[in-house]
Amino acid sequence: MSNSAADTEPAQPPPEDDHAFFGQPRGLMTLSGLEVWERFSFLGMQAILVLFFADTVANDGMDMDPGTAASVAAAYGTLVYLVSVAGGWLADRILGSYRAVLYGGVLIACGHYCMAVPTDTMTWVGLGLISAGTGLLKPNVASMVGKLYRTEDERRDAGFALYYMGINIGAFAGPLITGWLGDHAGWHWGFSAAAIGMTLGLVQYVAGRRHLAGRKHAAEFALAPAPMRRAVRLIIGGAVVVAVLATALALAGRLTMDRFVDVLTVISVIAPIVYFVVMFRSPRVTAEERGRLRPYVVLFLGSVVFNFILFQAYSTMILLASTNARTEILGFTFPAGWYASALGAFEVALAPVVAAVWVRMGPRQPHASNKIAFGVILGGLSFLLMVLPTSGHADNVYRMAAWWIVGSYLLLGLGDILLETSGMSATTKLAPKAFASQTMALWFLSLALANGIQSQIVKLYGQVSNPAYFGVNGAIAVAAGVAMIIAAPWLKRTMHPVH
């Protein structure tokens, strides 16, 4: 391995790469391209997953009631982002970011190919592989984007906005393809398209590796050889024990789907608490870095609230669209899963506008904490908007105009751009050096917690009225965003060098 060509490559990309991609480093194109296809596969599959769970067995579905289908889909999201903690640690200590992303992509592709096989067993195996692969890929590819910039580089936020636009090109295209295939050919054909998309992403990632900063094989904070061997043995052994135990409990009827969902929710609450405690107490974290972690807790909670709303764009909102929204615009009929593409379309259109505004404003742009707060408020408003078309109906057979769902996704898309780009960018700046990839994983733990909470709350969907469900959840999110704005003076003082 030490004599391979990859090991002799320089750690930094060629100097001419620095402004080669719309004024950004060329490596941003490689990483954005990977995320186009990863989001194509992940969100393309997620746009039809809850419909697949809720569809009848006769239609190759799994015949779950809507609340259970949404809960299981949210639990899958919880597992995806919980595993990101292990992915960050593996990159920092064993694999290095480049290989962690590569191996993660391979696992994701294999998972989607498994889901293309029309059996329940292969569905669960596929979801497990996708969870493991996304946990390796997601925190580390975002961390690699951060490595393309110096801390004081004012292009950083604009670069993350362009990166996020790439993500949402995939988020737009994925549901169009998988939704059409799922509606016209069968759900497993939709999962096949997701598999092909991830494969294409891996090909372009490997082809563009020379433009990436820090792509060397060695982990940045690698374990010594003996501890590394012990860690690898423990990881493999632990995975085997957990798999065997889970299978045995499931066969014995002790591990039901409801209990599994509940366990994931509990873990999603405990994990970030433990992780924050470890970082605050670590001797490798300086007093200055520890001071920057305190405001990060507030950003973390803002992310939880917003993403609790965002992720329901692929669960309760899709279920609502499939039963109570028209699936035609100007005489053109489309699958309900296509509504998920509206979110990606708005983010593709708005991300470059937001990036241009931040570049033009330069140092006068709003503080990162205020950008995140505005995003949380917009997320809440997207749910409050749904109170209007769902109110005043004596039964549940009404059909709202498509524009109500589209308008909700417009608010949600703009909020997502404001929050996620600023949140990821701030994370790479606030991260203690010894926990670089792991702190990015901590940001994704906020997504796990959002999904964990969602997996419990969505059980109420269909049990309470739609105006009450969307109204209460939306109002809570708006209140949380306002609270962040009130805390802005303290956040600005303590988040240096974030502006």
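Residues numbered from 1 in each chain as written. Predicted model: local features only at pLDDT ≥ 70, side-chain atom pairs only at ≥ 80, totals over all residues. Heavy atoms only, no water.

(A) Inspection of the overall build of the protein at higher detail. The helix and strand inventory of the protein stands at 18 helices and two strands. For the protein, with 499 residues in total, the buried portion stands at 55%. At a minimum sequence separation of 6, the contacts of the protein that also span at least 24 residues come to 83%. (Helix = DSSP H or I, 4+ residues; strand = E, 2+ residues; numbered from the N terminus. Buried < 20%, exposed > 50% of the residue type's maximum accessible area, 1.4 Å probe, protein only. Contact = heavy atoms within 4.5 Å.)

(B) Layout of the packing of helix 3 (residues 66-95) against helix 8 (residues 225-251). Their axes nearest at 11 Å, the elements helix 3 and helix 8 cross at an angle of 145 degrees. Residues Trp89, Leu90, Arg93 and Ile94 of helix 3 touch helix 8, and the partners they reach there are Met228, Ala231, Val232 and Ile235. By residue class, the composition of the contact of helix 3 with helix 8 is seven nonpolar, no polar and one charged. (Axes fitted to C-alpha atoms, helices over the stretch in contact; angles between N-to-C directions. Nonpolar A, V, L, I, M, F, W, Y, C, P; charged D, E, K, R; others polar.)

(C) Quick peek at the state of the cysteines. Scanning the model with the defined rule gives zero disulfides in all. Not engaged in a disulfide, the cysteine cysteine 110 finds its nearest cysteine sulfur in cysteine 114; these two sulfurs lie 6.9 Å apart. Residue classification places cysteine 110 among the partly exposed positions, given a relative accessible area of 37%. (Disulfide = S-S within 2.5 Å.)

(D) Inspection of the pattern of salt bridges at higher detail. Counted according to the given criterion, the structure contains five salt bridges. A salt bridge links glutamate 35 to lysine 138; the shortest N-O distance between them is 2.9 Å. Of this pair, glutamate 35 sits in helix 2 (residues 27-54) while lysine 138 sits in helix 5 (residues 120-146), and the two are 103 residues apart along the sequence. Of the two residues, glutamate 35 and lysine 138, neither departs from the other in class, the shared state being buried. For lysine 459, the salt bridge identified is with aspartate 262, shortest N-O distance 3.4 Å. (Salt bridge = Lys/Arg side-chain N within 4 Å of Asp/Glu carboxyl O.)

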